[in-house]
Every structure is written in structure tokens, then in C-alpha cells.
Amino acid sequence: MILEFASYLIRFAVIILLQLFVVNNIELNSMVNPYIYVVFVLLLPVNTKPWHTVLIAFLTGAVMDAFSSTPGLHMAATNMMGFLRIHYLNAGTTKVDQQSNIVPSVSQKGLVWFVLYGFIMIFVHHTLLFYLELYSLREFFTTLLRVFVSSLVSLLLIIIGLMLFYNVRKTK
């Protein structure tokens, strides 16, 4: 239990530092703002208690807000993603998955399942984040395009990272 908690803390620190010092400094285009820190919430075990998931999502967003000078934007978006994740996993996983300690990753659930799960959750996160950031609907379609492109780039970076560093084999 303590080793698992320490593992999650180290993973959290590495992901946040990677987001802050590497990904935030990549200048691709004004339309592309990838956020890979959401992978921490995406990869929580399926059987994580709902209130733990929402609390972890809240704290993850709060840490990003503290370092990004965006009061409450990341917190709100990550919290919404954590809340919807609970319902998505209830509908998208089996009872065996929900009762075991399975992590919803590419290696555990397959690439197609993870791409669908990841894209939906990241799209929800980015939609709320970018529209709260703009605080207007005056550039609705431009922002929607930005949400879509940023979600795709974020998902691509997350999948590449999972393929490179998160090599857990399927359990039978």
C-alpha cells in the first residue's frame, strides 16, 4: 500500500514536471496546446473510489493552476473529467474489471478502447478549459477547432509516452 502510494506520488511529480518544463514550452501553433498531465487521472485504477477520483482530479488541477497562473481553470476542467471518468468506466468496463485493480491503459484494455476513452475524456477536459479560458462564445468555432486539434495532439503524446514507458502486460 505504501509502495503503491509512493509510486503514484513519483508518477504524479514526473508527469507534472514534464508538463511544466517540456510540453508547456513546445511552440507548435496557437491552435495546439497539448496537456499531458491528464494522463495521471486517466490511468487511475478502475476500482478507485469515486470520491478519491474526484479528489485526485481536483488536486491535480490545483497543482497545475498553481504553476500556470490560471486560477481555477485546470481545476474545473480536470475535476469535470474525473467526474465523467467514473461514469464512462462504469459503462465501458466489465464487472471483472471494476472489481479488480486493472488500470485503463493501452496494455490492459487495448489500443482502440484506450483511444476512444482517452479522446472523450481529453476532449471534455480541453473543451471546458479552453472555453473557460476564453470566457466567451464569440470565437466558438475557432475554439472548437483548437479543442479538437489540442485533444488529438495530447492523446498522441500520451499514447507515445505509454508505449515507451508504461509496459505492463495484460493479465489473464
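Here is a short report on the structure shown in this document. (Residues numbered from 1 in each chain as written. Predicted model: local features only at pLDDT ≥ 70, side-chain atom pairs only at ≥ 80, totals over all residues. Heavy atoms only, no water.)

### Comments concerning helix α8 (residues 140-165)
Part 1: The end-to-end C-alpha separation of α8 is 37 Å, in line with the 38 Å expected for 26 residues at 1.5 Å each.
Part 2: Among all positions of α8, only Thr143, Arg146, Val147, Ser150, Ser151, Ser154, Leu155, Ile158, Ile159 and Leu162 are buried.
Part 3: For α8, the secondary structure elements touched by its buried residues are α2 (39-42), α6 (106-109) and α7 (111-134). (Helix = DSSP H or I, 4+ residues; strand = E, 2+ residues; numbered from the N terminus. Expected span 1.5 Å × (residues − 1). Buried < 20%, exposed > 50% of the residue type's maximum accessible area, 1.4 Å probe, protein only. Contact = heavy atoms within 4.5 Å.)

### Looking at the nonpolar core
Part 1: Formed by 41 residues in total, the largest nonpolar core has its most connected members in Tyr37, Val38, Leu42, Phe114, Tyr117 and Ile158.
Part 2: Every element with two or more residues in this core is listed here: α1 (2-21), α2, α3 (50-68), α4 (73-92), α7 and α8.
Part 3: Looking at this core, the element that brings in the most residues is α7, giving nine residues. (Core = buried A, V, L, I, M, F, W, Y, C linked by side-chain atoms within 4.5 Å.)

### Focus: the packing of α1 against α3
Part 1: α3 packs onto α1 with a crossing angle of 35 degrees between their chain directions and a minimal axis gap of 11 Å. The interaxial crossing formed by α1 with α3 has right-handed handedness. Counting all contacts with α1, which are made through Phe12, Ile16, Gln19 and Leu20, the residues of α3 involved are Thr60, Val63, Met64, Phe67 and Ser68.
Part 2: Counted by class, the contact of α1 with α3 contains six nonpolar, three polar and no charged residues. (Axes fitted to C-alpha atoms, helices over the stretch in contact; angles between N-to-C directions. Left-handed = near helix turned anticlockwise from the far one by under 90°. Nonpolar A, V, L, I, M, F, W, Y, C, P; charged D, E, K, R; others polar.)

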